[in-house]
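Given next are the chains, with one letter for each unit.
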Amino acid sequence: MTQTTTGIPAGRPRRVRGRPLLYTSYAQDMALLDTRAKRVWTGLLVLLAFALSVVVADSSLEVLAGAYVLAIGAIGLNIVTGYAGQVSLGHAFFVAIGAYTAAALSGPPGGDNLGYGLAEIWIWLPAAGLAAAAAGVLVAPLATRLRGLYLAIVTLGLVFLGEHVFKEWKELTGGFGVGREAAVPQLFGTRLDQDGALGTREQQLYLLMLVLLIVFAVAARNLARSRVGRAFAAIRDRDIAAAVIGVPLARYKVLAFGISSFYAGCAGGLLYTISGYVEPSSFSLLLSVQFIAMVLIGGVATVSGAIAGALFISLLQPLTRALPALVPVISGDTTQTPNVFQVETVLYGLLIVLFLVFEPRGLFGLWIRAQNYWKSWPFSY
Amino acid sequence: MTGALESIIRGLGNGSVYALLALGFVIIYKATRVISFAQPALMLAGAVAVSHLAEVTGFYLAVLLSALLIAGVALGIERVAIRPMVGRPVFVVAIITLGIDVVVRVVVNGFIGRDVRQVGDPWGFGQVTLGPLVVQQRWLAMLLTTAVLVALLFAFFRHTRYGLAMRAAAVDQETALAQGVSVGAVFALSWALAGFLAAIAGMFVGTGQGIEQMTWVVALKALPAIIVGGLDSLGGAVVGGLVIGVVESLFQSYQGDFAPWLGQNFAVVSPYVVMLLVLLVRPYGLFGTREVERV
């Protein structure tokens, strides 16, 4: 084994005991789980997530399953907005495309709405993602010409145009106020939205969403540390500098929109399988703002942050629903003023503002702060 | 032919409301380089303030008082939430205004309630004949008021110390600071102006059909207007607003006959189509400054 002048063996990478952050090879530095603590805790967290499916009540599992799907969408938005720096307010549009592609493919043929009877999840899920990705790639040429706030406004226009199309295309969507049945999650002949051999309906859906979230999250982490991810980061930090060092801007911006929309489409396809029903006015600006809130509250350009943000936003709803019991001023009745829905909306807005003012790195930043506090304890800097 | 002309006058009327809102966006953008997504909430707040005050003070005084009140609210928002963010990325500040918009709208909705509120305007759906044309009075009122306000505004920017300070800060903040311009005061003034204009626009949106909780969406049509006109052009905002208004009105009148396949209410989203088409040809709008970047 050759020895370099620094005394660190240059050959086979090896860990130095008690020095978890000492890397002896590039591969170690780039590893997904670079320290033993991370490996152990991530493993435990995943185990805990799986264990929840047995322990937790079905109604809570449904909320969590929804949160995991939203997390997939938030990771998607994080790829284009967080990693590649292209502000998109149009995420709801791509989610809608995914939702309707999935619903149309898996719907029963000859019913009230368009349906092709392909209920197998491994058919409609990739199809939903690809349809949304195609839309993203179509929109991207505009994005490559525009920067910053121009892009934000154009993608906002996209949401309004999409909402109009989906409200009018009654054959596909059922129309405004009517809606249609959502995609049917069927895996190798087993309906996952009915109680079956694997457990209750909620348990099955929870496990499905959990597994998919892990797949999508690992894929996004891998993307971020690859050549593509580095190109995204370069474009975000300074697009002209990126172009000068040889990153083809147009190609990577199109790619960022494509991948982000793929995630959005998959999330859209899955999101409404839980309620079993999808209505075109769900895909409004508010949905886009919610995704933005998840990314900002969780942590920009981090996968774990996007997941944390999605969980946070999704759990906000059941928490505010519990408020009337604790604070008698707040009413559970929508006709009263202050009611829980108003409190919830105000909280979205306030949380976005407060996080941006006080901790722009979001929940992930709070985690880093806590880590640093204990790392340097008892010194406070 | 008279039908088309009447449609165009309606478009100019509504378009002048969009122009007022667009001017607010552009004034804030020029001063702070941020698009304030809080404009819809301020517009709605203005309309609600008018509808409540008109019962007490009469309509015209109520409009003035509400516009001043909303200007004050905008000042407060700028001081509390925007000023601490100086120097941060514009995207962050824009998202903060989005959050403020959500919060303010919920508060304002509490004052609207579940029913449609009338703003107490003297025009209603009353009509007036101009030669062969029959048009609603309120469209003429919108057009006239906007013309006066725009003239005053341009005179303000051209001939007063504060207008000069705002123009200087828009060109280069640091140089303006070095010349003794208080850039903070410029920020505050731009928000106050935008709030003032938004409140008057809100009052006009409420004429005739009244206001309800969903009325805020109207303000978002000013976004296509500023993109069409160019983000940093005051004249462009006025032109963009009028163009958007006329296009929307023409779609409203004729799309049902000529292009029914576009679906009902296509007029509502037609501004966004115009925006996309303009952007394909001119990425910085009709009158916007092309961004030139040095490395």
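Before reading further, recall that the structure is shown in the block above.
Residues numbered from 1 in each chain as written. Chains lettered and ligands numbered in written order. Predicted model: local features only at pLDDT ≥ 70, side-chain atom pairs only at ≥ 80, totals over all residues.

Q: Tell me about the overall build of chain B, residues and numbers included.
A: For chain B, the count of helices and strands is 11 helices and two strands. The secondary structure elements of chain B, listed N-terminal to C-terminal, are α-α-α-α-β-β-α-α-α-α-α-α-α. Scaling as 2.2 N^0.38, a compact globule of 295 residues should have a C-alpha radius of gyration of about 19 Å, and chain B matches this with 19 Å. Its C-alpha atoms put chain B at 60 × 50 × 35 Å along the principal axes. (Helix = DSSP H or I, 4+ residues; strand = E, 2+ residues; numbered from the N terminus. Rg over C-alpha atoms; globule rule 2.2 N^0.38 Å.)

Q: Explain the packing of helix α3 (residues 58-83) of chain A against helix α8 (residues 201-224) of chain A to me, and be specific about the residues and the numbers.
A: Residues and elements named next belong to chain A. Two elements in contact, α3 and α8, have axes separated by 9 Å at closest approach and are oriented at 20°. On the basis of the axis angle, α3 is roughly parallel to α8. Where α3 crosses over α8, the two elements pack in a sense that is left-handed. On α8, the residues touching Asp58, Leu61, Glu62, Leu64, Ala65, Tyr68, Val69, Ala71, Ile72, Ile75, Ile79 and Tyr83 of α3 are Glu202, Gln203, Leu205, Tyr206, Met209, Leu210, Leu212, Leu213, Phe216, Ala217, Ala220 and Ala224. Residues of the contact of α3 with α8, tallied by class, amount to 20 nonpolar, one polar and three charged. (Axes fitted to C-alpha atoms, helices over the stretch in contact; angles between N-to-C directions. Parallel < 35°, antiparallel > 145°, perpendicular 65-115°, else oblique. Left-handed = near helix turned anticlockwise from the far one by under 90°. Contact = placed C-beta atoms within 7 Å. Nonpolar A, V, L, I, M, F, W, Y, C, P; charged D, E, K, R; others polar.)

Q: Quick one: what's the story with helix α9 (residues 227-237) of chain A, residue by residue and with numbers?
A: Residues and elements named next belong to chain A. The set of residues buried in α9 consists of Ala231, Phe232, Ala234 and Ile235. One side of α9 carries all its buried residues, which in axial view fall inside an arc of 165°. Contacts made by the buried residues of α9 are with α3, α10 (239-244) and α11 (249-271). (Buried ≥ 20, exposed ≤ 12 C-beta atoms within 10 Å, placed from the backbone. Arc of directions from axis to C-beta.)

Q: How would you summarise unusual backbone geometry if you had to cite specific residues and measurements?
A: Omega for the peptide link from Trp377 of chain A to Pro378 of chain A comes to 5°, which places this bond in the cis form. Inspection of the secondary structure assignment puts Pro378 of chain A in the segment after α16 (362-375). Positive phi is not limited to glycine here, since Ala301 of chain A has a value of about 60°. With respect to the secondary-structure elements, Ala301 of chain A resides in the loop between α12 (285-298) and α13 (303-321). Its identity as a non-glycine residue notwithstanding, Arg33 of chain B has a phi of 65°, on the positive side. With respect to the element layout, Arg33 of chain B can be found in the loop between α1 (2-32) and α2 (39-57).

Q: Any details on the nonpolar core? Residues and values, ideally.
A: Considering soluble globular proteins, one finds that nonpolar side chains tend to be buried as a cluster. Within the largest apolar cluster, 222 residues are counted, with the highest numbers of intra-cluster contacts made by Ala71 of chain A together with Leu21, Ala22 and Ile70 of chain B. It is helix α8 (residues 183-206) of chain B that contributes the most residues to this core, 16 residues altogether. The residues contacting Leu21 of chain B, other than those within four sequence positions of it, are Gln39, Met43, Leu197, Ala198, Ala201, Ala219 and Ala222 of chain B. (Core = buried A, V, L, I, M, F, W, Y, C linked by C-beta atoms within 7 Å.)

Q: Go over the interface of chain A and chain B, please, and point to the residues and values.
A: Across the boundary between the two partners, chain A contributes 34 residues, which contact 33 residues of chain B. If you list the elements that add at least two residues to the side of chain A that touches chain B, you get α5 (121-145), α6 (148-168), α10, α12 and α15 (340-358) of chain A. Broken down by class, the residue content of the side of chain A that touches chain B amounts to 24 nonpolar, eight polar and two charged.

Q: Kindly report on the packing of helix α4 (residues 91-106) of chain A against α5 of chain A, identifying the contributing residues and their values.
A: All names here are of chain A. Between α4 and α5, the shortest axis-to-axis distance is 8 Å and the interhelical angle comes to 140°. Every pair of crossing elements has a handedness; the one defined by α4 and α5 is right-handed. Between α4, through Phe94, Ile97, Gly98, Thr101, Ala102, Leu105 and Ser106, and α5, the contact on the second element is made entirely by Ile123, Trp124, Leu125, Ala127, Ala128, Gly129, Ala131, Ala132, Ala135 and Gly136. Residues belonging to the contact of α4 with α5 are distributed by class as follows: 12 nonpolar, five polar and no charged.

Q: Pulling in residues and values, what's your account of the environment of Leu356 of chain A?
A: Inspection of the secondary structure puts Leu356 of chain A in helix α15. Each C-alpha atom, one on Leu356 of chain A and one on Leu296 of chain A, is 7.5 Å from the other, the two residues being 60 residues apart in sequence. Once residues lying within four places of it in the same chain are set aside, the contact partners of Leu356 of chain A are Leu296 of chain A together with Val92, Ile95 and Ile96 of chain B.

Q: I'd like to hear about helix α5 (residues 137-159) of chain B, residue by residue, with values.
A: Residues and elements named next belong to chain B. Compared with the 33 Å implied by 1.5 Å per residue over 23 residues, the 33 Å span of α5 between its first and last C-alpha is a close match. Taken residue by residue, α5 has Arg138, Trp139, Met142, Leu143, Thr146 and Val150 as its buried positions. Looking at the buried residues of α5, the elements they touch are α1, β2 (133-136), α8 and α10 (234-258). (Expected span 1.5 Å × (residues − 1).)

Q: Tell me about the pairing of β2 of chain B, and please be specific about residues and values.
A: Residues and elements named next belong to chain B. Bridge count for strand β1 (residues 127-130) against β2 is four bridges, and the pairing is antiparallel. When the sheet's bridge partners are listed, Thr129 is paired in β2 with Val134. Counting the residues that bridge the hairpin from β1 to β2 gives two residues, and of these Gly131 lies at a positive phi of roughly 60°. (Pairing = 2+ DSSP bridges.)

Q: How would you sum up the environment of Gly162 of chain A? Please name residues and give values.
A: All names here are of chain A. Here Gly162 shows up in helix α6. For Gly162, a count of 23 C-beta atoms within 10 Å corresponds to the buried category. Gly162 sits 132 residues away from Met294 along the chain, and the two C-alpha atoms are 22 Å apart.

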